[in-house]
Amino acid sequence: MVVQPGIPQPDRQHPQTERKDSSLKGTFAAVLLLGAFIVVCWFAVFSLFVSRG
Amino acid sequence: MTTEKTLSLRDRQVDQATSRLSLAYLFVAFSAFGIAALAGMLQAMVRGGLITLPGGINYYQILTAHGVLLGLVFTTFFIIGFLFSGMARTTGGSLPVAARSLGWSGWSLMVAGTLMGTVTILQNDASVLYTFYAPMKASPLFYIGMALVVVGSWVAGWGIFAAYRRWRRDHQGSTSPLFAFMAVATMLLWQIATLGVAIEVLFQLIPWSLGWVPEVNVLLSRTLFWYFGHPLVYFWLMPAYISWYINIPKIIGGRIFSDSLARLSFVLLILFSIPVGFHHQLMEPGISAGWKLVHVILTLTVVIPSLMTAFSLFAVFETTGRAKGGRGLFGWFGKLPWKDVRFFAPMVGMLMFIPAGTGGIINASNQLNAVVHNTIWVTGHFHLTVGTSVALTFFGIAYWLIPALTGRRLTSTVNRLGILQTVFWTVGMLLMSGAMHYLGLQGAPRRTDYTTYFDHSTALGWMPYQQLMGIGGLFLFLASVLLIGILIYLGFFAPKGFTEYPIGENGDTAEVTPRILERWPLWIGLSAFLIAVAYGYPIYELIQHAPPGSPPIRTW
Ligand code: HEM
Ligand SMILES: [Cu+2]
């Protein structure tokens, strides 16, 4: 896909994504996982802080 | 295709005059990068006890070179070069003459300053690290050089503003191109942020290092530095975000998720990334806990635009991956163009921003900061943020930007080598930065030459991980050599031809971008207000109840 000697070909590249069928379920799940990761790491270091207190 | 035709195709993206300007910035950026990568590898090997530096070279000397040349020189030159090119690309293919001459004047000042700084470091007269921490004192030429770099970057920023002003004048009533808006926001943040370090250098460090005043207010100098130091990291990140918001959707064959959301996140970054510097001074005596709390709260506010960015990027990936046939909750992920280095390198950068940003939230939390402050955890943290997320994005940009500007082709061999380069860099950073995070939690300090603390058992226990850092450093150095080789090839030897300068289109064509987002005086005013609230009284106190001044000290 990468190497495009020659001409720019903008339109072949986006199959006009219709918004109607574009579900964002995966995005929702991904940001929840991201949030969970942040919270877990934060509490891991916090427990280190408490244990050394 | 004839050479003439490819030339005119290139010119339709970015004209030759702008290409030359942009390439001049990139050239200095990657020259500084090459020297500093060598220094970085040596540091990691020295700390692990794998080598000792030859010829009496001091550890802190190369550490200063590494921090200055990467943190200040590589990033600033790359960013300005990239922004000029994108400004031209999205405002009609060229820059107004005034913008170009400001661009060249800025470049000359910055090059002069970089040379002065580098020479004084090489002469071992400036081993004060890139944070210039007084009361360590460098040669006045070092500070003057750094001041020239900052002033040069202001002049270049005015060039960006001039190009933006021309576009607005010629298109009254229309919303500016997203790239132009974001470039202006980035350079505006930079102008406001560098005021702190400019005041520190001009009014405190230069007179003191020349011997005109005997003593320096250390607490004030550190406060002014960190007024600048935190927005500095956003100055590195914003161009990476620009690429993620604007170049990446086009590269993967998708569209920008939301133009307004992207602009709003940049406005929030201007507002909330400056009045937060005390989160670097949480262990600082002489600043009251209440004011530190104010800064911590504002710091955690910056999480919002970052999470907005994460959300809209995931949304672009999911929409595009689904359009390509990805099914299920995460099926779209595999549909992304993983074999295209223009996507792969920045995407790895984005993924690494997840642990990187998480580390930042930990650093900024007062109690957790007590665990990690001044340990090598912090160094591990920013090698993920700027050293991986930002650096890989910049590499990914350079792979298409340089051939686009020189009228050459990103060949499939270069694409494969670029992917290999990204893998080496990532493996190196995971080893080095992973070991740094672990060591930091055990208490190993940053900014420290090889030592076993008289064979203390705790310090001896760190040694295997320090060696792992050294091995990571070797991978990183290999990746750096590969990168420089590829970029020289792309700049001078790759076959002539056309390389696309990818600019995404807004996916939501019905969306109307609120005009208020482009009312700069409003955002500058609000920013000044927040800065006055967060810094006004504390700085007044630092001056009224100044700690005893310190004479200069040479620690090396
Ligand atoms: C070849 C790749 C790299 C290697 C092997 C490397 C290695 C290191 C090591 C070992 C240290 C710290 C040592 C200490 O605290 O004693 C360090 C510090 C630092 N690095 Fe890197 N690094 C690399 C790339 C980068 C990049 C790409 C950036 C930023 C764009 C960067 C910015 C910095 C900064 C700002 C410091 C702090 C200096 C100080 O504490 O004064 N490094 N690096
Ligand atoms: Cu910060």
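Residues numbered from 1 in each chain as written. Chains lettered and ligands numbered in written order. Predicted model: local features only at pLDDT ≥ 70, side-chain atom pairs only at ≥ 80, totals over all residues. Heavy atoms only, no water.

## Here we look at helix α9 (residues 289–301) of chain B
Residue and element names in this part refer to chain B. When the terminal C-alpha atoms of α9 are compared, their 19 Å separation across 13 residues agrees well with the 18 Å that a helix rising 1.5 Å per residue should span. Of all the residues in α9, the buried ones are Lys292, His295, Val296, Leu298 and Thr299. All buried residues of α9 lie within an arc of 165 degrees about the axis, which places them on one face of the element. Away from its buried face by more than 90 degrees, α9 exposes Leu293 and Ile297. (Helix = DSSP H or I, 4+ residues; strand = E, 2+ residues; numbered from the N terminus. Expected span 1.5 Å × (residues − 1). Buried < 20%, exposed > 50% of the residue type's maximum accessible area, 1.4 Å probe, protein only. Arc of directions from axis to C-beta.)

## Here we look at the coordination of the copper ion (ligand 2)
Protein coordination at the copper ion (ligand 2) comes from His230 of chain B (ND1), His279 of chain B (NE2) and His280 of chain B (NE2), with a distance range of 1.9 to 2.0 Å. Sequence spacing of the donors to the copper ion (ligand 2): H-x48-H-H. (Donors = N, O, S within 2.8 Å, 3.2 Å for Na, K, Ca; no water.)

## A few points about the nonpolar core
Residue and element names in this part refer to chain B. Ranked by internal contacts, the top residues of the largest apolar core, which has 176 residues, are Phe82, Phe132, Phe142, Tyr143, Phe266, Phe317 and Phe395. For this core, the element with the highest residue contribution is helix α7 (residues 218–251), accounting for 21 residues. Setting aside residues up to four positions removed in sequence, Phe142 forms contacts with Val68, Gly117, Thr120, Ile121, Ala126, Val128 and Phe132. (Core = buried A, V, L, I, M, F, W, Y, C linked by side-chain atoms within 4.5 Å. Contact = heavy atoms within 4.5 Å.)

## Things to note about the site of ligand 1
Residue and element names in this part refer to chain B. In the vicinity of ligand 1, 26 residues are found, and the nearest of them are Arg47, Tyr59, His66, His383 and Arg447. His66 places a side-chain nitrogen or oxygen 2.8 Å from a nitrogen atom of ligand 1. At 3.0 Å from an oxygen atom of ligand 1 is found a side-chain nitrogen or oxygen belonging to Arg446. Sorting the residues of the shell around ligand 1 by element identifies α2 (16–47), α3 (59–90), α14 (376–406), α15 (412–442) and α16 (457–493) as the ones contributing at least two each. (Near = heavy atom within 4 Å. Polar contact = N/O pair within 3.5 Å; in protein donor to acceptor, adjacent residues only side chain to side chain.)

## As for the coordination of the iron atom of ligand 1
All names here are of chain B. Within the protein, the iron atom of ligand 1 binds to His66 (NE2) and His383 (NE2); these donor distances fall in the range 2.0 Å. Relative to the metal, the 6 donor atoms surrounding the iron atom of ligand 1 lie at angles of 88 to 179 degrees, and the coordination shape comes out octahedral. Remark: His383 occurs in helix α14 and His66 occurs in helix α3; sequence separation between them is 317 residues. For the pair His66 and His383, one class covers both residues: buried. (Tetrahedral: all angles 85-135°; square planar, octahedral: opposite > 155°, others 65-115°.)

## Re the confidence of the model for chain A
With 58% of its residues at a pLDDT of 70 or more, chain A has an overall mean of 73. In this model, residues 1–20 of chain A is a region of pLDDT below 50 whose contacts with residues beyond four sequence positions or in other chains number 37 contacts. (pLDDT = per-residue confidence, 0-100.)

## A short note on the packing of aromatic side chains
For the structure shown, the criterion picks out 49 aromatic pairs over all chains. Ring centres 5.1 Å apart and planes at 75 degrees place the aromatic pair Trp42 of chain A and Phe43 of chain A in the edge-to-face group. The class of Trp42 of chain A is partly exposed, set by a relative accessible area of 24%. Between Phe225 of chain B and Phe228 of chain B the ring centres are 5.6 Å apart and the planes differ by 80 degrees, which places this aromatic pair in the edge-to-face class. Residue Phe225 of chain B and its partner Phe228 of chain B are both found in helix α7; the two are separated by 3 residues, about one turn of the helix. When its relative accessible area of 3% is taken as the criterion, Phe228 of chain B is described as buried. Members of the aromatic cluster, each reached through a chain of ring pairs, are Phe30, Phe33, Phe74, Phe78, Phe82, Phe179, Phe394, Phe395 and Trp425 of chain B. Cation over ring: Arg263 of chain B sits above Phe181 of chain B, and NZ or CZ is 4.9 Å from the ring centre. (Phe/Tyr/Trp six-rings, centres within 6.5 Å; stacked < 30°, edge-to-face > 60°. Lys NZ or Arg CZ within 6 Å of the ring centre and 35° of its normal.)

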